[in-house]
There are 2 protein chains.
Amino acid sequence: MGGSGDRVERGRRRSRPHGSLGPVNEAPQAADAPREPQEPRTPRRTSGRTPLYLEVAEDLRGAITAGAYGSGARLPAEDELARRYAVSRGTVRQALAALRTDGLITSRRGIRRVVLGGPGEENAATELRSFTRWARSLGQEPGGRTVSVDPGTADGEEAEQLRIAAGDPVYRVLRLRTLAGEPVMVERTTYPRAVGALVAGMPPDTVSYSEQLARHGVLFTDAHHTIDIAPADADDARLLGCRAGEALLRERRRSTDPAGTPVEWSQDRYLPGTVAFTAHSTAASALGRRLRP
Amino acid sequence: MGGSGDRVERGRRRSRPHGSLGPVNEAPQAADAPREPQEPRTPRRTSGRTPLYLEVAEDLRGAITAGAYGSGARLPAEDELARRYAVSRGTVRQALAALRTDGLITSRRGIRRVVLGGPGEENAATELRSFTRWARSLGQEPGGRTVSVDPGTADGEEAEQLRIAAGDPVYRVLRLRTLAGEPVMVERTTYPRAVGALVAGMPPDTVSYSEQLARHGVLFTDAHHTIDIAPADADDARLLGCRAGEALLRERRRSTDPAGTPVEWSQDRYLPGTVAFTAHSTAASALGRRLRP
DNA sequence: GAGTGGTCTAGACCACCAT
DNA sequence: TGGTGGTCTAGACCACTCG
């Protein structure tokens, strides 16, 4: 989305020409435009549409990635942005917080926010994305095949991760993932009984289990990741076409639903040189290290 | 910090017995205690102390990690927490947002927040921490030695990462990092001229450059990380005591200061089996993958 | 001292979930 | 239908930065 006017007016009692978002992409020079005293704003109804602060955030993101403010440039002050977008300062702050989380801008008391990346720089629009969605967003065609779907009983680690009792029934799925037809990753996922039953009932050529599961109301909203190195075993070597014992980039992941119930415990092994993991961290939180994986 | 009473009363016009934070650790059973009508609260002065929302967050964190609410338990409603802590709902929400970022709780419209981890589970108290601080927080003694500090000129990648011109002067530092005396990681850092000059002036046995730099006003507030695999070169092999060509866990990192100026571009290579990287992701943002590292 | 982001309060309405 | 978190507004004061 671009600068302005491409959003529907959703407010009421507001008398801006049209389009609910002020033009910021074309704004770095402004600061003129006499401000007629505004009638007190009443909260706008968002009525089922995109939250206002996300619209503001996306507009600003567009302006930043389009290079409207060079790298290292300072953003307008919060009050100024609030005026331009005709929203409250709180909403602007919420939008800016989102951009900060994505590592697009800094934030410090006393000085204006600074644009971190640059026009050319890839925006790490991170998300809790499945392999499938991630690949598609890159314009790559994700593929793969399900090697096996087996019912079984949880071992110690699976039980701990899925927060069930050892010996409880689970389903194990082994899949090979490809990108543009080339093998990239071997995925070993353990599902608790209920979720696994759904997976087992899907056609073996299902590209994205997570998308299908979402249709059944199984949502993945949180995930905890651990990244390290693991040697390829015989299966890995056969499927990925590498040497047994070769070092692979390993991601272990436990996903949970909104109720906090673990819905997936997965171990993915990537062929070296195919992918890298990226993360952004600020003074508060983001990436950790851990001893003895 | 624990439940209550270990904080100084900082408010005014408030008539709670003493201690500014209500006892939540001992609260899961409450919900009784007749509420006398409160006089309207006025914003409390934080006057140079820890922000209120952080106190609330830390108290809740303590309650959660202490297991006051079992894993999967639901937290009290926002309004209820606001009453207990005698703060506004906004402040409670700010505190809860911090816990959510750390992956301690979920959050979904319509239902109470759910505790994610469990009593036993290690809290991934992630931070933008230097190797030194990270090691110390684990009770490990960080060590190492500086192999070389060399002035030089920026190559293409360094220039791009540090946002300077190719050929500009830089300092390159090669260090070996140890944990309990054992080699763990080789760190290759490139500093821009000004920062590098400070580093070059420090004694060669300096354990933490970042701590020393902080004293000179050079702060690391943001960092962008990329994690993948790289083979050990001759230096790596010699310093880490591994085979040349052996796969190492590589972290590349660009750190910036509050003004958005890059202050460090580093490439760290960890011996396999020594550390793992952890991250938490929610529906919005956290960990990314990237093609072709 | 002026400008700017950080914190806090108060109140309102809405969307979603469970009952 | 009632409870709960999500969004939005308005106003206030404070801490920090810089000229």
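Sequence order sets the numbering: in each chain, residues are counted from 1 along the sequence as written. Chains carry letters and ligands carry numbers; both start at the beginning, A for chains and 1 for ligands, and go up in the order they are written. Totals for whole chains, interfaces and linings use all residues, but because this is a predicted model, local features are given only for residues with pLDDT of at least 70 and pairs of side-chain atoms are given and counted only at 80 or more. To obtain the side-chain values, all non-hydrogen atoms of the structure were included, while hydrogens and water were left out.

Caption draft 1: Examining the overall build of chain A more closely. The helix and strand labels rest on DSSP assignments: H or I over at least four residues marks a helix, E over at least two residues marks a strand, and numbering proceeds from the N terminus. Scanning chain A for helices and strands turns up eight helices and eight strands. To sort residues, take the accessible area from a 1.4 Å probe on protein chains only and compare it with the maximum for the residue type: under 20% means buried, over 50% means exposed, and anything in between is partly exposed. Across the 293 residues that make up chain A, the buried fraction comes to 47%. Any two residues whose heavy atoms approach within 4.5 Å at even a single point are treated as in contact. Taking the contacts inside chain A whose residues are at least 6 apart along the sequence as the reference set, 59% of them involve residues at least 24 apart.

Caption draft 2: Looking closely at helix α3 (residues 89–101) of chain A. Compared with the 18 Å implied by 1.5 Å per residue over 13 residues, the 18 Å span of α3(A) between its first and last C-alpha is a close match. Of the positions making up α3(A), those classed as buried are A:T91, A:V92, A:A95, A:L96, A:L99 and A:R100. Where α3(A) is buried, its residues meet α1 (52–65), α2 (78–85) and β7 (275–282) of chain A together with β4 (222–231) of chain B. At the C-terminal side of α3(A), A:G103 shows a positive phi close to 75°. The span expected for a helix works out to 1.5 Å for each residue beyond the first.

Caption draft 3: Unusual backbone geometry, seen in detail. Unlike most non-glycine residues, A:A86 shows phi in positive territory, near 55°. With respect to the secondary-structure elements, A:A86 resides in the loop between α2 and α3. At B:R163, a position not held by glycine, the phi torsion is positive, near 55°. Inspection of the secondary structure assignment puts B:R163 in the loop between α5 (156–162) and β2 (169–179).

Caption draft 4: How the structure looks around the packing of aromatic side chains. Residue and element names in this part refer to chain A. Stacked, tilted and edge-to-face are the three classes applied to pairs of Phe, Tyr and Trp rings, where Trp contributes its six-membered ring and a pair requires centres within 6.5 Å; stacked means planes under 30 degrees apart, edge-to-face means over 60, and tilted covers the rest. According to the stated counting rule, one finds two aromatic pairs over all chains in the structure shown. A ring pair is formed by Y270 and F277, whose centres lie 5.6 Å apart and whose planes are at 85°; its orientation type is edge-to-face. Lying across the ring of Y209, R175 places its NZ or CZ 4.2 Å from the centre. The criterion is that NZ of a Lys, or CZ of an Arg, lies within 6 Å of the ring centre and within 35 degrees of the ring normal, and then a charge sits over that ring.

Shape is all these values report; function is a separate question.
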